[in-house]
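In case you want the letters, here they are:
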Amino acid sequence: MNAILECRELTKSFGGVDAVADLSFSIERGHIHSIIGPNGAGKTTLINLLTGIYTPTKGSILLSDQDTRGLAPYKLARRGLGRTFQNLQVCMNMSAIENVMVGRHLRLNRRFIPSLLRLKSVRTGDRDCRERAAELMRFTGLEKQIDAHPGEMSYGALKRLEIARALAAEPELLFLDEPAAGLNANETHAIGALIREVAERGVTVVLVEHDMRLVMDISDSVLVLNYGRRLAQGTPQSVQNDPEVVSAYLGGA
Ligand SMILES: Nc1ncnc2c1ncn2[C@@H]1O[C@H](COP(=O)(O)OP(=O)(O)OP(=O)(O)O)[C@@H](O)[C@H]1O
């Protein structure tokens, strides 16, 4: 297996509570992985560990075989890790395309003096940045809203805008935290198709999602958590038929 990310005996404790407990698993490059589990299972804590917001109490996380311990989220972003958040993080005083360009700036690696003097290289970089952002807006189905103000965009469009912004940093591994939350059935179906296209472009996708139909439709692999531990991992079909998973979701585990 060609793992882009590997966790070994990962634990995160808050006081006496192990929100994530002794968790080992890996994420295969190029696939769509989902992390599911009942409320309080540890999904958000796990995402926060993997994206550098929390430091593990114990255990390790390897990103392309490199230990990520102590690396801040922005450093992980430079190593190819992107994310969207459960709650929208759109900047309302910028246009839609400027929001996407913010994501792109992570890759531009600007120096202060050339930016201050508006050197030609900087101006060319700005133009390329805008073109790339526009291309990503077309890719995410927002071609008609390039110059829109976020305040006039639908919730579904703003969720796509966040995906466009995350893609602008050219991640190798993209975490999507509840991409379908708040979307209707049609919008959920469309976001599923978009996630598939993202993966087809070679980006490994990890999603935390409560919409089971979406998870089962698009995932290559599903990790099921319960009480911070791994309850099951496998194809959508295998986890759906796992009696322990069924029991956890029905409240019997
Ligand atoms: N900052 C914190 N301080 C103390 N306890 C926490 C903290 N964050 C999470 N927990 C506890 O850790 C456990 C896992 O919580 P977490 O939010 O990761 O679960 P989740 O699977 O994301 O839940 P949900 O589906 O409801 O969002 C819960 O028992 C929660 O109360």
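Residues numbered from 1 in each chain as written. Predicted model: local features only at pLDDT ≥ 70, side-chain atom pairs only at ≥ 80, totals over all residues. Heavy atoms only, no water.

If you look the chain up in an unreviewed UniProt entry, it shows as ABC-type branched-chain amino acid transport system from Salinisphaera dokdonensis CL-ES53.

## Some points on the environment of A21
For clarity, the threshold we go by: The numbering of helices and of strands both runs from the N terminus, where a helix is a DSSP run of H or I of at least 4 residues and a strand a run of E of at least 2. The classification of residues rests on relative accessible area computed with a 1.4 Å probe and restricted to protein chains. Under 20% of the type maximum is buried, over 50% is exposed, and intermediate values are partly exposed. In what follows, a contact means two residues having at least one pair of non-hydrogen atoms within 4.5 Å.
Position of A21 among the secondary structure elements: in strand β2 (residues 17–28). With a relative accessible area of 3%, A21 lands in the buried category. Taking the C-alpha atoms as reference, A21 lies 9.9 Å from L46; in sequence the two are 25 residues apart. Those residues in contact with A21, other than ones at most four positions away along the chain, are L10, T11, G228 and R229.

## What to know about the sheet that holds strand β10 (residues 229–234)
Pairing between sheet strands relies on hydrogen bonds along the backbone, with the strands arranged either parallel or antiparallel. For clarity, the threshold we go by: Strand pairing is assigned whenever DSSP identifies at least 2 bridges connecting the two strands. What counts as an axis is a line fitted to C-alpha atoms, over the stretch in contact for a helix, and the angles between N-to-C directions run from 0 to 180 degrees.
Sheet architecture is open: six strands sit in the order β6-β7-β8-β3-β9-β10, paired in mixed fashion. Two strands in the sheet have a free side with no partner beyond their single neighbour: β6 (81–84) and β10. The average angle at which neighbouring strand axes cross in this sheet is 20°, direction not considered. The sheet contact formed by strand β3 (residues 32–36) and strand β8 (residues 204–208) spans four bridges and is parallel. Counted as the bridge partner of I32 is V205 from β8.

## With respect to the nonpolar core
The condition that has to hold: Take the buried residues of types Ala, Val, Leu, Ile, Met, Phe, Trp, Tyr and Cys, join any two whose side-chain atoms come within 4.5 Å, and each joined set is a nonpolar core. Start and end positions for the domains come from either an automated domain assignment or a database one.
Counting residues in hydrophobic clusters, the biggest one holds 38 residues, and the most contacted among them are V100, M137, M153, L161, L167, V198 and V205. Mapping this core onto the domain boundaries places at least three of its residues in each of domain 1 (1–70 + 172–253) and domain 2 (93–170). Among residues more than four places away in sequence, those in contact with V198 are F139, L167, L174, V203 and V205. Within the second largest apolar cluster, 25 residues are counted, among which are F25, I27, A41 and L50.

## Considerations on the site of the ligand
We count it as follows: To be near a molecule or strand, a residue needs just one of its heavy atoms within 4 Å of it. By the criterion applied in these results, polar contacts are pairs of N or O atoms within 3.5 Å in which, for protein atoms, one can donate a hydrogen and the other can accept it, and in which residues neighboring in sequence qualify only through two side-chain atoms. Computed with a 1.4 Å probe, the accessible areas rest on the Shrake-Rupley method; for each residue, only the protein chains presented here act as cover.
As a structural note, the neighbourhood of the ligand is formed by F14, A19, P38, N39, G40, A41, G42, K43, T44, T45 and H210. Side-chain polar atom of T45 to an oxygen atom of the ligand: 2.6 Å apart, as the coordinates give it. Taken by itself the ligand offers 630 Å² of open surface, and the protein chains cover 60% of this. For the shell around the ligand, the element with the most residues is helix α1 (residues 43–50), which contributes three residues.

## A closer look at the packing of aromatic side chains
Just so we agree on the cut-off: For Phe, Tyr and Trp, rings pair up if their centres lie within 6.5 Å, where Trp contributes its six-membered ring, and each pair is then called stacked (planes under 30 degrees apart), edge-to-face (over 60) or tilted (otherwise). Charges are assigned to positions over rings by a cutoff of 6 Å between ring centre and Lys NZ or Arg CZ, combined with an angular limit of 35 degrees from the ring normal.
One pass over the structure, following the stated rule, counts one aromatic pair. Relative to Y54, the ring of F14 has its centre 5.5 Å away and its plane inclined at 75°; by these criteria the two rings are edge-to-face. Of this pair, F14 sits in strand β1 (residues 3–14) while Y54 sits in the loop between α1 and β4 (58–63); the two residues are 40 residues apart in sequence, bridging distant segments of the chain. Relative accessible area serves as the criterion here: at 36%, F14 is assigned to the partly exposed category. Overall, Y54 belongs to the partly exposed group, its relative accessible area being 27%. The ring of F139 carries the charged tip of R201 above its face, separated from the ring centre by 3.8 Å.

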